[in-house]
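Below are the chains, spelled out letter by letter.
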Amino acid sequence: LFRSYKEQAGNSNDVDFVVENGITDADTVNITLHNGGSLGTNLYYSAVSPYNTLSSGKYFIDVNATNGNTLASYEFNLSTHPGSAGVLFSSGFADSAANQNAASAGLFIAWPDGTVEQQSEVNYPKLQVIHNSGDPSLATADFYLDGNLILDDFAYRNATPMFETEPLVNHTLGIAFSNSTSEIG
């Protein structure tokens, strides 16, 4: 039981929430915004974070082991209860097979009105850029993702390692001559 539970956020456009680790067979975890700040650090079983405040909307959050490895990622939907407060909690088992095939781990948010919403697990799409244009004018080229330069003067017959992109977004990959200031097209 969390004694200082709020029912409302401090601002009508925000959502205030605590984070609780409710998975008994999980190690200590960190909960973070994807490519962003911490929501809960070193959360052992039953630990509760201080209150966090985010604007009402949709976010992506990662559940990370303390060594930095991402265990799972979720779409975090705060658009349904602006001005409210909640408890973001994990529930289930990290290893359901070792626990009588009980419910697998998941992430949920409980609202003051009793509504509990399961957060959807997501896999971040991965992208690899391979420069395979034999055109001599593109011996090196610039590559853009969604209009932002991601590779400057990238050489023919080279490839990047796989890297994550934001999920649920239609991305555009563009190419331009070396030393460009924008993509062609």
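Our structure is the block above this text.
Residues numbered from 1 in each chain as written. Predicted model: local features only at pLDDT ≥ 70, side-chain atom pairs only at ≥ 80, totals over all residues. Heavy atoms only, no water.

Let's talk about the pattern of salt bridges
Right, so step 1: Counted under the stated rule, the structure contains 2 salt bridges.
Right, so step 2: Measuring nitrogen to oxygen at the nearest pair gives 3.8 Å for the salt bridge that ties glutamate 75 to lysine 58. Here lysine 58 lies in strand S5 (residues 58-65) and glutamate 75 lies in strand S6 (residues 70-77), a separation of 17 residues in the sequence. (Salt bridge = Lys/Arg side-chain N within 4 Å of Asp/Glu carboxyl O. Helix = DSSP H or I, 4+ residues; strand = E, 2+ residues; numbered from the N terminus.)

So, the sheet that holds S5
Right, so step 1: With respect to topology, 5 strands assemble into an open sheet ordered S3-S2-S5-S6-S10, the strand pairing being antiparallel. The strands lining the two open edges of the sheet, one partner per strand, are strand S3 (38-43) and strand S10 (120-122). The mean angle between the axes of side-by-side strands here comes to 25°, regardless of whether they run parallel or antiparallel.
Right, so step 2: Bridging between S5 and S6 involves 7 bridges; their strand directions are antiparallel. Bridge pairing in S6 places isoleucine 61 opposite tyrosine 74. (Pairing = 2+ DSSP bridges. Axes fitted to C-alpha atoms, helices over the stretch in contact; angles between N-to-C directions.)

Observations regarding the layout of surface pockets
Right, so step 1: Of the voids in this model, the largest pocket is the one considered here, and its volume is about 330 Å³.
Right, so step 2: Contributing to the lining of the largest pocket are 21 residues, with Ile23, Ala26, Val63, Leu71 and Ala105 lying nearest its centre.
Right, so step 3: For the lining of the largest pocket, the secondary structure elements donating two or more residues are strand S1 (14-20), strand S2 (29-33), S5, S6 and strand S8 (106-110).
Right, so step 4: In terms of residues, the lining of the largest pocket owes the most to one element, S6, which gives 3 residues.
Right, so step 5: When its residues are assigned to classes, the lining of the largest pocket shows 14 nonpolar, 4 polar and 3 charged. (1 Å grid on protein atoms, 1.4 Å probe; cavity = no way out; pocket = protein on both sides within 12 Å on 5 of 7 lines; lining within 4 Å. Points joined across faces, edges and corners; volume = space filled by probe spheres on them. Nonpolar A, V, L, I, M, F, W, Y, C, P; charged D, E, K, R; others polar.)

Quick notes on the packing of aromatic side chains
Two numbers describe a pair of aromatic rings. These are the distance of the centres and the angle of the planes.
Right, so step 1: For the structure on display, the rule yields 3 aromatic pairs.
Right, so step 2: Ring plane angle 80° and centroid distance 5.2 Å describe the contact between phenylalanine 17 and phenylalanine 76, whose orientation is recorded as edge-to-face. In this pair, phenylalanine 17 sits in strand S1 while phenylalanine 76 sits in strand S6, placing the two residues 59 residues apart along the sequence.
Right, so step 3: Looking at phenylalanine 17, the relative accessible area reads 0%, which means it is buried.
Right, so step 4: By relative accessible area, which is 0% here, phenylalanine 76 ends up buried. (Phe/Tyr/Trp six-rings, centres within 6.5 Å; stacked < 30°, edge-to-face > 60°. Buried < 20%, exposed > 50% of the residue type's maximum accessible area, 1.4 Å probe, protein only.)

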